[in-house]
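The chain contents come next:
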Amino acid sequence: MANEVQISESTSGANEVNVKAFRSSLKLNVTLGKYSKALIESFKFIQSVITSKLQNKEELLEECQHSIIRNASKVTELLDNVEKQDLLTTLSRLGRSFTSHKMHLHAEYAVACAIKLREHSPVHQCNSNERLDLVNLIFELSISQRAQNKWKKSVMNLKRCYNVCVQKNDIIFQAKVLYELFDNLYHQERYAEAVESCLLLFVLKTDLEDNLKESLPYFTAILPHGGGEKEVHVKLSDAYSHLLLYDDALKHNEVFQKLLQSENDHKFSLADLRQLHLVNGNLHHLMGHYETALMKFDKWSKLLKEFQTSDADIEKERLTDLMTSYEMSGKLLNEMSQHNVAMVAWEALQQVSSALQNEGKELDSKLLQISTCIKTNQPVEKLMENLLHSIRHLPVDISMLYESRCMSLEAEELARDAKYSRAIYRQQEAISIGKKCQRMQAQEEEDCDVTLALYIQHSTSEEMLKIGLKILVKTLLRIEGKMRVYRDEGVVHYHKDVATLTKCSKALQVILHRMKKHELSACLTETFCRRSTLIARKLKIQYPLQLTQEAGVENDSCVVDLCGTDVLGVDDVTTLYYTMHGCVTGYLAHLIAPHGEVVSSYLLVENVVEVGKLMERLKLLVASCHRDGISQVGSEKLCNIYNTENRHVPLMSPTSRNSPMMKMEEELLDHHRVELSAEGLTRNDAMKELFSILIQPFYTHLYKLPENSPLTIIADSFLSLVPFDELIGATDRKTFGDRFNISISPNSLVLHNNKRKKMKEVGDDSDQLDSVRKRQLEKIYTKSEMKALQAAGLDKSFSCLVTTATNGAPIISSNQYLASHKQTENNLHACVIGSPTFHRHLQLEDGTQWKLPKSRVAFRQCKNIAEYMDVAPITGNCATKERFLNEMKRSIIIHISTFGCFRKGVLCFAANNYPVGDRILPVEKLLITSDDLISASPFNVRLVVLSSCYEWKELGDDVGQLKLVNSFLNSGVQSVVFPRWPIPDDVSDAFYFYLYTQLQNDVPISKAMFESKKEMKQKFSNPHFWNSFVVVGSSDVIVDLSSIRTSQLQGLLSESEAGCLSPPLAVDSGKNSSEIFHSLQTCISRLSASIDVTKELDLVDFLIGLLVEATQRLAHDDNCQSSIVMIPRLLLDTDGGEDLIKLVGFDVQSVRDGSHLVNSSSSYMLVFPHWNQDHLLLPLHQALTGFHELCSNQNCILALSTMLPLHQEQLCNLIDLIAIVKHTPTIQLGILDPSIKPLWSHNSIRSYLLSIGFLSIRSLLIFRRSLSNRQLLIGSLQLLISLCLHRDHKILECLDISTLGEEPKSATLEPKSQLQSLQPLLMPRQEILVRSSWMKDASYKREWEERKKLASEIAQVTTNYNRILDHAKWWHRDVKVPRVSAKSEPGSETSNKVKVMSGATPSCDRTPLNGEDSLQESLHQTLKMRHEAHLVLQKRCEEITRRQVSAIRGCYLPFTEDH
């Protein structure tokens, strides 16, 4: 019956309405007392009558109305005067009555009939004075459907209701509908749509508060269920949590806490405490903030213990919450490896569960207690017997479930004792019993399977290894696919999945090794190592196809054939992989030959008996090498002793640095240092022992390689800190660095992208000197241009440019004219950048303000390093973010000395075009992130030296955790040198001197580093000093500083000779429309970056008024009757402002000293354009109008400066997106849609969309439609349309569906026939040369029309530009200049006295008595200004002539052979 109620119209013909049957059925139901059934029959009959074409429709409806009223009065209480109303009012009031009496089915039928009647009957036909709105009816229908759990129909009706509300702009009813929609979607677990509805609800609240200029108890007024705004934030936090967007969930949970504390004065109920601490702590736990989560759980437990009540039910609830708090704390303590403290929590949990007689929780506490005892090597026999005894009386299925869990714990205990065969057997039994009981959840079953596979990696049985391989491959592909979706949808917290993926990958490597699949094991090792690089480059992660073939599972989209490719091995480089697998297995190592062959594979557990002790010893040795010398000089005192600058950006307060876990680790390391010191172990002894553990297994293979062979070591965990170049062999007593060129790398993908590049390939020595000229011409000109030169007979003349001496040798020293074998690369460039200037405080992530300290030491260091490289250092205001990215694109070596953070992966530089004002910029505006480096694609950079990010604490135990270093390598940089801890200034200066001295000798960077350390070791004995620097990346990269300096000098010489030997183009081809609008975008971008909208909004108004006046002057065709316009000083000081007005035809004329001008703020005046060149006046006016709307949001303006300029295709897609959102507010878009994904993946475009109100919720893209955001949306649309060539302003009024997704097409010239009599040649300097006299040859009469048309076009171009030239001269016929003050004007009352010499001295020779005459000075200055005005006219005439020549060239261009 419920399925028969539909809102959508259904067509019912006259034949479908059986009046007799209805009357008889109605009479029968009334007679039998079935009034409810009679009512429903009446409702159904009304719907059929409404849609029918019966002539007596009105009579039947009136009859039904009386029948409904009679029957309804039998089942419920009717409202007053229902009988006297029309049918529509009667049905709606009946619906309300039924709803109030919870007769929701009847209410649904009544309201559905009212809706259908309302849709088929105009409002003016209703007899009631109360005009019922369709929106109210639909809303009542959705409420009735929700009461019957018809969620989908209710949501559909609410969305329909919201669409109507948006069209009517009924804000109050919108809010009511949005809350119901949010609540319905939340209960349906459609969390993304629910969040969207709730955010729109917040937007409405903000708009009302902004309009009324006061804070409103808004949610309390519109929410019918009570709870108000707190309830909304609780549900919203839970929805975000289900979407895995824990940051947003935590934010709304904290808002709930603030609202609750402001209302209750710290008197909370148990539900409030649960929300305050359990939910908040759980969110911190899911985000990986373990200590904060533990603090929340402990506080919750404390408050629950102090909570007092006399109500038994509340007391039971308190104990239940206390039990949950103990459970959460214990699990968290186990993850933090604080097992002893966790045991206390389990004992407390068992006591509380026993008091509550909660047998399930009591059994769970025993299981957790046993698991913790296993981890702490405590006996568990008695606990296990007690648990097994407790489950005997339980039902069979529950007893089997707990029996399965007990078996899993037994298997864990056996695995702890290295009894893996028995552990595998017990785990298999546990899985089998768990599946039989059918109570084991899917996640628990998957965890048991993974645990079984982790045990199997220690087995030697071929059959068991295949079982483990299949389990792990399935799990690996499943998690990888899930994480791929997470990355696409913006989920950032999935560390548990990452941990599981890491375990599976490492276990697979061991299993494949035991199965003798060494190549596949090494391939999987490299695949896992390069995951971070592929993710950073937004590339697809790939796994070897052979992996699924061996496991016998279905292929995934990420599975490709990798074995046998260049995944393993790099040309001329031997690679050594180390992968840590814990204290039980040790490490797995692979030695890979240069071309990918696995030379040797070594698993420590197969060759050593006591692996655990050896691994502990290895950790101690590495720790002693890494931290040797730190204890001698405290890191906190370094800045006081050595005056070393702290160049660390504190993005957030480092609370974790002082955490209990960190203190425990430090105490343990101190204990290890004491142990090693007690042994009397020297550093050389440690190097020998490390060599025997790590290198000795590969000794025979490695020492067959030639000396100084490149060797790259890829190691994870703490092995990346091993100083491999210092390891000492047991036989030859030489260091490993003396034998090989060693470098550390995160993966071989970095090495593949950074293959060795020679400075310049050697040319062919057999080339003769007489071919030098020809080869130089071939380098300068293309084949078509050479053909044109030969056809014109000018090739020999151009060859003369390559001059020679008397003996025939070239004498031009610039690189362009040297022989091939004498040339060096002309694009070699070095850069030294650092010590930026910061004018304002910075706002950090936690909201605090921080002023960057002075970097005097960095400035001095940049100056010294620049002298080594023979370049000018980039410091101060010049060391901007934009300048650094530009240098990354063209430099070979970069030395960086600025502020930054290794772990966050950022560098800090000065702002681009720092805006005028006192506001505090967010620190993100000054940071270079990994995304910026990836976008720069610095594949030409061979070496980056980071003298940055100093912090007064150690960097950590894993170089792989240093995100900044990995960001450089992932972006394409070949190698990175950086300090692992702060060192004194004189030590760092000495190291850089030795390093750059070694780089003069054309040696690999690894060798230069090794030699520099040897020099440092002789000068500084403390390892903390000479061993602080490390190189990561390719080992065979050569940076020859002498060649770089030569190349830079050659470049300067070539630039100086370019004006003589390479003259400019004779004909400037001009800019096309795309290039012109690209320049316009660039000017607006510069203007956006430098303007402060809080103080300089008048500048935008001035520019708009300037364009309006220019248009008016052109419309009146008069420039003489208008007043002079002086340029405000603010416009000249704003970057991009002057270039913007010049782009549309304005000129700036100096008036020299402007102090004598009345109300002048500068000494420059504007010369208005005499024609609308390039037709930019209107687009710029429209663009500035939209820009003016955006000026209400400073963040939007800054994002705009970063986003522009864009390609026309990107502009079209962005305009289409914004237009769709503007005209269809209820449409749902996804960030993975084909047209949206390219925009959303573009960092600057995404930042701009976020600034104007867009937001992504997993895969949904929503727009927060507040009043301010709508203003930004319309302003953005107007601005972007003005900058686009393929969209017009009609989109502002209505959406043209035909243009959506239409990409701009490249402009092509119309095809024209070839003129045999006229052969235009395009010369290298863009000139057109005509070879034949085409007007006299009678044999080409068939081309007459084409030639006539060409001549007509040329004549038309000439006529038009001559007219424009005459108009320009007429426009400047009366050049106005600013008037001087009245005292200096001619004709003033005061006269100048002059000295008259005897003998009738001419007036021109008379000398004024009082020195320089002010009148003459004024006239002289006026003449100078008129002269400058004439120069402006001359420049404009030259521009017109240039355009004319270019236009004539364009007429010939279609007939040239190159076209």
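Below is a summary of the structure that appears in this document. Just so we're clear, the structure is a prediction, and the values are computed from it rather than from any experiment.

## Some points on the packing of helix H15 (residues 312-335) against helix H16 (residues 339-355)
Direction vectors running N to C along H15 and H16 enclose 160°, while the axes themselves pass 8 Å from each other. One element, H15, and the other, H16, form an angle in the roughly antiparallel class. Crossing angle aside, the handedness with which H15 passes H16 is left-handed. Mapping the contact onto sequence places Leu319, Leu322, Met323, Tyr326, Glu327, Gly330, Lys331, Leu333 and Asn334 in H15 and His339, Val341, Ala342, Ala345, Trp346, Ala348, Leu349, Val352 and Ser353 in H16. Broken down by class, the residue content of the contact of H15 with H16 amounts to 12 nonpolar, 4 polar and 2 charged.

## A word on the side chain of Arg530
Relative to the assigned elements, Arg530 resides in the loop between helix H24 (518-529) and helix H25 (531-536). Since its relative accessible area comes to 12%, Arg530 is described here as buried. Polar contacts involving the side chain of Arg530 include one to the side chain of Glu526, which spans 2.9 Å.

## Observations regarding the pattern of salt bridges
Applying the stated criterion across every chain yields a total of 47 salt bridges. In this structure, Glu231 and Lys235 form a salt bridge, with 3.1 Å as the shortest nitrogen-oxygen distance. Of this pair, Glu231 and Lys235 both sit in helix H11 (residues 228-242), 4 residues apart, which is roughly one turn of the helix. The shortest N-O distance in the salt bridge between Arg426 and Glu410 comes to 2.4 Å. On the criterion of sequence distance, the pair formed by Arg426 in helix H20 (residues 420-437) and Glu410 in helix H19 (residues 396-416) is long-range, its members being 16 residues apart. For Arg426, a relative accessible area of 21% corresponds to the partly exposed category.

## Side note on the sheet that holds strand S24 (residues 1260-1263)
Read from one edge to the other, the open sheet built from 3 strands follows the order S22-S24-S23, with strand pairing classed as antiparallel. In the strand order of this sheet, the two ends are held by strand S22 (1229-1230) and strand S23 (1254-1257), each with one partner. Relative to S24, S23 runs antiparallel, the two being bridged by 4 bridges. Counterpart to Ser1256 in the pairing with S24 is Leu1261.

## A closer look at the packing of helix H13 (residues 270-286) against helix H14 (residues 290-306)
Here H13 crosses H14 at 160°, and the two axes come no closer than 7 Å. As far as their axial angle goes, H14 and H13 are roughly antiparallel. Helix-helix and strand crossings are classified by hand; for H13 and H14 the assignment is left-handed. When H13 is examined against H14, the residues Leu270, Leu273, Arg274, His277, Leu278, Asn280, Gly281, Asn282, His284 and His285 are found in contact with a partner set consisting of Tyr290, Thr292, Ala293, Lys296, Phe297, Lys299, Trp300, Leu303 and Leu304. Of the residues that constitute the contact of H13 with H14, the class distribution is 9 nonpolar, 7 polar and 3 charged.

## Observations regarding the side chain of His581
One can find His581 in the loop between strand S3 (574-580) and helix H27 (582-585). Within the local environment of His581, its side chain forms a polar contact with the backbone oxygen of Lys506, the two atoms lying 3.4 Å apart. Apart from the residues within four sequence positions on either side, His581 is in contact with Lys506, Gln509, Val510, Gly586, Tyr587 and Leu588.

## Topic: the environment of Tyr179
By the secondary structure assignment, Tyr179 is in helix H8 (residues 171-187). Through-space distance from the C-alpha of Tyr179 to that of Ser197 is 7.3 Å; in sequence the pair is 18 residues apart.

## Quick word on the nonpolar core
The biggest cluster of nonpolar side chains holds 107 residues, and the ones touching the most others in it are Phe43, Leu469 and Leu547. Looking at which element gives the most residues to this core, the answer is helix H22 (residues 462-488), with 11 residues. Non-local contacts of Leu547, meaning those with residues more than four positions away in its chain, are made with Leu469, Val473, Leu476, Leu508, Leu512, Leu520 and Leu524. One finds Leu1106, Val1144, Ile1215 and Leu1272 within the second-largest nonpolar core, a separate group that totals 73 residues.

## So, unusual backbone geometry
Of the consecutive residues Leu1204 and Pro1205, the connecting peptide bond is found in the cis state with omega at 0°. With respect to the helices and strands, Pro1205 occurs in the loop between helix H51 (1194-1203) and helix H52 (1208-1223). Positioned with a positive phi, Asp1174 is a non-glycine residue whose angle comes to about 60°. Not every positive phi belongs to a glycine, and His1175 is a case in point at roughly 55°. Tracing the backbone shows His1175 in the loop between strand S21 (1164-1167) and helix H50 (1177-1190). Given a relative accessible area of 61%, His1175 falls into the exposed group.

## Let's talk about the sheet that holds strand S16 (residues 927-928)
What the 3 strands build is an open sheet, ordered S13-S14-S16; its pairing is antiparallel. Since the sheet does not close on itself, it has two edges, and those belong to strand S13 (899-901) and S16, each with one partner. As paired elements, S13 and strand S14 (residues 906-908) share 3 bridges and run antiparallel to each other. Bridge pairing links Cys901 to Val906 in S14.

## Considering the packing of aromatic side chains
Considering all chains together, one arrives at 24 aromatic pairs under this definition. Between Phe182 and Tyr186, the ring centres sit 6.2 Å apart and the planes meet at 40°, which makes this aromatic pair tilted. In this pair, Phe182 and Tyr186 are both assigned in helix H8, 4 residues apart and thus about one turn of the helix distant. Judged by centre distance (5.9 Å) and plane angle (65°), the rings of Phe991 and Tyr992 are edge-to-face. The ring centre of Phe1168 lies 3.7 Å from the NZ or CZ of Arg1113, which sits over that ring.

Quick notes on the rules
- Residues numbered from 1 in each chain as written.
- Predicted model: local features only at pLDDT ≥ 70, side-chain atom pairs only at ≥ 80, totals over all residues.
- Heavy atoms only, no water.
- Axes fitted to C-alpha atoms, helices over the stretch in contact; angles between N-to-C directions.
- Helix = DSSP H or I, 4+ residues; strand = E, 2+ residues; numbered from the N terminus.
- Parallel < 35°, antiparallel > 145°, perpendicular 65-115°, else oblique.
- Left-handed = near helix turned anticlockwise from the far one by under 90°.
- Contact = heavy atoms within 4.5 Å.
- Nonpolar A, V, L, I, M, F, W, Y, C, P; charged D, E, K, R; others polar.
- Buried < 20%, exposed > 50% of the residue type's maximum accessible area, 1.4 Å probe, protein only.
- Polar contact = N/O pair within 3.5 Å; in protein donor to acceptor, adjacent residues only side chain to side chain.
- Salt bridge = Lys/Arg side-chain N within 4 Å of Asp/Glu carboxyl O.
- Pairing = 2+ DSSP bridges.
- Core = buried A, V, L, I, M, F, W, Y, C linked by side-chain atoms within 4.5 Å.
- Phe/Tyr/Trp six-rings, centres within 6.5 Å; stacked < 30°, edge-to-face > 60°.
- Lys NZ or Arg CZ within 6 Å of the ring centre and 35° of its normal.

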